[in-house]
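This is what each chain is made of:
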Amino acid sequence: MNTATVEIHLTDEDLTAALRDDVRRGLTAEPKWLPPKWFYDARGSELFEKITELPEYYPTRTERALLERVVAEIARIARAEVLVELGAGSAAKTRLILNAMQAEGPLKSYVPQDVSVSALRMAADEVASEFPGLGVHGVVSDFTGTLDNLPGGGRRMVAFLGGTIGNLVPAERAEFLGGIRDVLEPGEQLLLGAGLVIDPAVLVPAYDDAAGVTAEFNRNVLHVLNTRLGANFEPEKFAHVAIWDAEREWIEMRLEATEPMTVHIQDLDLTVEFAEGEQLRTEISAKFRRETLETELDAAGFTTEHIWTDPDDRFALILAERR
């Protein structure tokens, strides 16, 4: 029986320390902000799965349909021996790539990376069971800070799907892409999934659905702070806001205080004041143009080999080679 191995470079203590640092910096900034990675406790992950099934939320199904259409071509071009997936989660889409790469012949191992030990172990074990001839080596780490922990050996392709690249501001994207370049050898590849700039009338409802699921997901970050750091937020007193910033070409999700509030965060001994109408930014989701993607990849040391898009030009898959 094929068994997966899991290597841990990020503990619960590390995550708590990072959360404390992010919350102290973000809630004492002007304007206030929090990173989107803290949405995802068990409830947050469950809510996000519901979001992906909503009629308004096109990115997940659009990327999957695109991947189904072009994955054989990706595998044929890449000829990878090792597939590394950053932010693997449940590795649902990964199976498409693994099947295509095995059909091409050279694939030897799969390296999923995620911050959650339990989610990674489950995904790694499932893949090991479904693909008995494949080596599966999970890495528990934060993809923005521990890329150097990813194993080498064999021609690698790093996959970063789901449009998650859009959660990083331009300086963070440059640092992240440069970090991937630094761990890859010349000729190895990056497969990037990115949302494209489209009509705001379609885009904004994807982040502000009629059923209010995204609003609950957004407020969940406050539940996380209450549970993990002993804060006393009243999440129901914050309104969900999603706006399109046309200049920066990104969606911003925010939480708006519906009344003046004083919040105490026990673990940080920090008191935070909110004025009525004050907004806390919880996520950006940048959307891209083809030329922007190619320019940013080029600046990071990659040559774009191919860009595939869906028929409505809502999403792109980019295969780029490390120079």
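What you see is a predicted model, and the numbers here were worked out from it, not measured in a lab.

Student: Describe the overall build of the chain, naming the residues involved and giving the relevant values.
Tutor: Looking only at helices and strands, one finds nine helices and 13 strands in the chain. Expected size for 323 residues packed as a compact globule is a radius of gyration near 20 Å; at 20 Å, the chain falls within 12% of this value. Seen through its principal axes, the chain has C-alpha atoms that stretch 60 × 40 × 35 Å. Sorting the 323 residues of the chain into buried and exposed places 52% on the buried side. Considering only residue pairs separated by 6 or more positions, the chain has 73% of its internal contacts joining residues 24 or more positions apart. As displayed, the chain offers around 14,000 Å² of accessible surface, 49% of which is attributable to carbon and sulfur atoms. Averaging the locations of the 32 positively and 56 negatively charged side chains of the chain gives two centres separated by 3 Å.

Student: Describe the packing of aromatic side chains, with residues and values.
Tutor: Counted under the stated rule, the structure contains eleven aromatic pairs. For the ring pair Phe-48 and Phe-217, a centre distance of 5.8 Å and an interplane angle of 45° mean the geometry is tilted. One end of the pair, Phe-48, is in helix H2 (residues 42-52); the other, Phe-217, is in helix H8 (residues 213-229), and 169 residues separate them in sequence. Feature note: the residues Phe-39, Tyr-40, Phe-48, Tyr-57, Tyr-207 and Phe-217 constitute an aromatic cluster, connected by ring pairs. Its guanidinium or amino end placed over the ring of Phe-274, Lys-32 lies 4.9 Å from that ring's centre, counting from NZ or CZ. Above the face of the Tyr-58 ring, Arg-314 is positioned so that its terminal group lies 5.2 Å from the ring centre.

Student: Which residues make up the nonpolar core, and what values do they have?
Tutor: Counting residues in hydrophobic clusters, the biggest one holds 43 residues, and the most contacted among them are Val-23, Leu-27, Leu-225, Phe-233, Ile-265 and Phe-274. For this core, the elements supplying multiple residues, two or more each, are helix H1 (12-27), H2, H8, strand E7 (238-245), strand E8 (250-257), strand E9 (261-265) and strand E10 (270-274). Discounting residues that sit within four places of it in the chain, Phe-233 has contacts with Leu-27, Leu-222, Leu-225, Asn-226, Phe-238, Val-263 and Phe-274.

Student: Could you give me a rundown of the sheet that holds strand E11 (residues 279-286), with the residues and numbers involved?
Tutor: Read across the open sheet, the three strands follow the order E7-E8-E11; overall the sheet is antiparallel. Here the strands that pair on one side only, and so sit at the sheet edges, are E7 and E11. Recorded for the sheet is a direction-independent mean angle of 20° between the axes of neighbouring strands.

Student: Describe in detail the packing of H2 against H8, supporting the description with residues and values.
Tutor: Pairs of packed helices are described in terms of their axes, by the angle between the two and the distance that separates them. Viewed as axis vectors pointing N to C, H2 and H8 meet at an angle of 165°, and their least axial separation amounts to 9 Å. For the element pair H2 / H8, the angle class is roughly antiparallel. The element H2 and its partner H8 pack so that their crossing is left-handed. Contact residues: H2 offers Arg-43, Gly-44, Leu-47, Phe-48, Lys-50 and Ile-51, while H8 offers Val-213, Thr-214, Glu-216, Phe-217, Asn-220 and His-223. For the contact of H2 with H8, the class distribution of residues is five nonpolar, four polar and three charged.

Student: If you had to explain the sheet that holds strand E12 (residues 302-309) to someone new, which residues and values would you point to?
Tutor: Strand order in the open sheet formed by eight strands is E1-E4-E3-E2-E5-E6-E13-E12, with mixed pairing between adjacent strands. In this open sheet, the two edge strands, each paired with only one partner strand, are strand E1 (5-8) and E12. Sheet twist, expressed as the average angle between the axes of neighbouring strands with direction ignored, equals 20°. Two strands pair when backbone bridges link them, and strand E5 (residues 156-160) and strand E6 (residues 189-195) are joined in this way by four bridges, in the parallel orientation. For Ala-159, the partnering residue across the bridge sits in E6 and is Leu-191. Each of strand E2 (82-85), strand E3 (109-114), E5 and E6 touches helix H4 (residues 94-104); the most contacted strand, E2, lies at about 170° to it.

Student: Lay out H4 in plain terms, naming residues and giving numbers.
Tutor: Listed in full, the buried residues belonging to H4 are Thr-94, Arg-95, Leu-96, Ile-97, Leu-98, Ala-100 and Met-101. In the core, the buried residues of H4 are packed alongside helix H3 (59-78), E2, E3, helix H5 (117-130), E5 and E6. Where H4 ends, the next residue or the one after it, Gly-105, has phi of about 115°, a positive value.

Student: Would you mind going over the packing of H1 against H8 in detail, with residue names and values included?
Tutor: Contact pair H1 / H8: the axes reach a minimum separation of 12 Å and the direction vectors enclose 120°. Regarding the angle of H1 to H8, the classification is oblique. You can see that H1 and H8 cross each other, and the crossing is left-handed. Contact with H1, carried on its side by Asp-12, Leu-15, Thr-16, Leu-19, Arg-20, Val-23 and Leu-27, involves Leu-225, Arg-228 and Leu-229 of H8 and no other residues of that element. Residue composition of the contact of H1 with H8, by class: six nonpolar, one polar and three charged.

The rules we used
- Residues numbered from 1 in each chain as written.
- Predicted model: local features only at pLDDT ≥ 70, side-chain atom pairs only at ≥ 80, totals over all residues.
- Heavy atoms only, no water.
- Helix = DSSP H or I, 4+ residues; strand = E, 2+ residues; numbered from the N terminus.
- Rg over C-alpha atoms; globule rule 2.2 N^0.38 Å.
- Buried < 20%, exposed > 50% of the residue type's maximum accessible area, 1.4 Å probe, protein only.
- Contact = heavy atoms within 4.5 Å.
- Areas by Shrake-Rupley, 256 points an atom, 1.4 Å probe, with all protein chains shown as cover.
- Lys, Arg positive; Asp, Glu negative; His and termini not counted.
- Charge placed at Lys NZ, Arg CZ, Asp CG, Glu CD.
- Phe/Tyr/Trp six-rings, centres within 6.5 Å; stacked < 30°, edge-to-face > 60°.
- Lys NZ or Arg CZ within 6 Å of the ring centre and 35° of its normal.
- Core = buried A, V, L, I, M, F, W, Y, C linked by side-chain atoms within 4.5 Å.
- Pairing = 2+ DSSP bridges.
- Axes fitted to C-alpha atoms, helices over the stretch in contact; angles between N-to-C directions.
- Parallel < 35°, antiparallel > 145°, perpendicular 65-115°, else oblique.
- Left-handed = near helix turned anticlockwise from the far one by under 90°.
- Nonpolar A, V, L, I, M, F, W, Y, C, P; charged D, E, K, R; others polar.

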